[in-house]
Amino acid sequence: MTTVGLIGSGHIGGTVARLAVAAGYDVVLSNSRGPETLKDLVDELGAHARAATPAEAAEAGDLVVVTIPLKAYRDVPVEPLVGKVVLDTNNYYPERDGTFPELDAGSVTSSELLQRHLPRSRVVKVFNNIFFKHLHALARPAGAADRSALPVGGDEAGAKADATAFLDRIGYDAVDAGTLAESWRYQPDTPAYGTIYSADPANWEREAPADAATVRAALAAATR
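Here the structure is a predicted model, which is why all the values come from computation and not from measurement.

Visitor: Help me out: how do you make sense of the sheet that holds strand β3 (residues 49–51) in this one?
Guide: Strand order in the open sheet formed by eight strands is β3-β2-β1-β4-β5-β6-β7-β8, and the pairing between neighbours is mixed. If you trace the sheet from one side to the other, it starts and ends with β3 and β8 (173–176), each paired once. On average, each strand axis in the sheet is tilted by 25 degrees relative to the strand beside it, whichever way the strands run. Where strand β1 (residues 3–7) lies against strand β2 (residues 26–30), five bridges are found, and the strand directions are parallel. By the bridge assignment, L6 is partnered in β2 with L29.

Next up, the structure:
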């Protein structure tokens, strides 16, 4: 895989794009406001980045990152993503997204909703549990003693393997967190969400590494 498409280019999307370019990928950025609004980020990233529409980014990406508010998940283009691995960074925040009765009842996860919307794509949930500043700061080369790990959840082993390979290149180990139905274990208000990468849970400005064993323990400790 050589090109990463991004549907959404905010804090997490922009950070993933920076890490991807540093790792040798090309990136195609998009958002809901139009390619012209991404000029500054494209200029920062240089020759390996360009801006496009969401459909164009979906078409161009060998791997595509969907990083938009949950309330807009139905706007993700379907046909250009057929057969592709889609990395879903999203979380459900009712104060932002409105209420989803299925999510409130715990009968489905937010990534399962995206998978339903993209029935011929291979959705993997990742990047949703880490503060964007920590995501940038904690990236380390393979084999580094203080390398952090991120959970990956999905319904297809091959898709999770592709996500794991991508994480490795951009500076992270991966922990298999099970299926999309099990991805609630690292959604908001769980031990694996956010503060696991923070030196001080009350002040997220300073990051702290979390290795695979730490992430596995946090996933196991999650309750509904």
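Visitor: In this structure, what is going on with unusual backbone geometry? I would like to understand it.
Guide: Working note: non-glycine residues mostly have negative phi, and peptide bonds are mostly trans. Even without a glycine there, the phi angle at F127 is positive, about 75 degrees. Relative to the helices and strands, F127 is located in the loop between β6 (122–125) and α7 (132–137). According to the relative accessible area criterion, F127 is buried, its value standing at 1%. With a phi angle near 70 degrees, D189 is a residue other than glycine that sits in the positive phi range. Looking at the element boundaries, D189 is found in the loop between β8 and β9 (198–200). The exposure class of D189 is exposed, given its relative accessible area of 78%.

Visitor: Got a minute to help me understand helix α8 (residues 157–170) in this structure?
Guide: Side chains of residues three or four places apart in an α-helix project in the same direction, reflecting 3.6 residues per turn. Between its first and last C-alpha atoms α8 spans 20 Å; for 14 residues at 1.5 Å apiece the expected length is 20 Å, and the two agree. By the burial criterion, the buried members of α8 are A159, K160, A163, F166, L167 and I170. Along the long axis of α8, the arc covered by the buried residues comes to 120 degrees, so they all point the same way. Of the residues flanking the end of α8, it is G171, one or two places downstream, whose phi is positive at about 120 degrees.

Visitor: I tried to follow the pattern of salt bridges on my own but got confused; where do I start?
Guide: Working definition: two side chains of opposite charge can pair if their charged atoms are close together. If you walk through the whole model with that rule in mind, you get 11 salt bridges. Of the charged contacts, one joins D168 and R147 as a salt bridge, the two residues approaching to 2.8 Å between their closest N and O atoms. Here D168 is found in helix α8, whereas its partner R147 is found in the loop between α7 and β7 (149–154), with 21 residues between them in sequence. For R147, a relative accessible area of 4% translates into the label buried.

Visitor: I'm lost on the nonpolar core in this one. Help?
Guide: The nonpolar side chains of soluble globular proteins are, as a tendency, buried together. The biggest cluster of nonpolar side chains holds 46 residues, and the ones touching the most others in it are V27, L29, L87, F127, L135, L150 and F166. If you tally residues by element for this core, the top one is helix α1 (residues 11–22), at six residues. Leaving out residues up to four positions away in the same chain, V27 has contacts with V4, L6, A17, A20, V21, L45, H48, A49 and R50. Ranked by size, the runner-up nonpolar core spans 20 residues in total, among them A58, L70, V76 and V123.

Visitor: Honestly, the pairing of strand β10 (residues 203–207) in this entry has me stumped. Any pointers?
Guide: Where a strand is regular, its side chains alternate between the two sheet faces. For β9 and β10, the ladder comprises two bridges, and the chain directions are antiparallel. Bridge assignment links S198 to a residue of β10, and that residue is E207. Connecting β9 to the antiparallel partner β10 that follows it, the hairpin turn spans two residues.

Visitor: What should I look at first to understand the side chain of N90 in this one?
Guide: Relative to the assigned elements, N90 resides in the loop between β5 (85–88) and α4 (94–97). For N90, a relative accessible area of 8% corresponds to the buried category. Those residues in contact with N90, other than ones at most four positions away along the chain, are I68, P69, L70, R96, S110, K125 and N128.

Conventions adopted
Residues numbered from 1 in each chain as written. Predicted model: local features only at pLDDT ≥ 70, side-chain atom pairs only at ≥ 80, totals over all residues. Heavy atoms only, no water. Pairing = 2+ DSSP bridges. Helix = DSSP H or I, 4+ residues; strand = E, 2+ residues; numbered from the N terminus. Axes fitted to C-alpha atoms, helices over the stretch in contact; angles between N-to-C directions. Buried < 20%, exposed > 50% of the residue type's maximum accessible area, 1.4 Å probe, protein only. Expected span 1.5 Å × (residues − 1). Arc of directions from axis to C-beta. Salt bridge = Lys/Arg side-chain N within 4 Å of Asp/Glu carboxyl O. Core = buried A, V, L, I, M, F, W, Y, C linked by side-chain atoms within 4.5 Å. Contact = heavy atoms within 4.5 Å.

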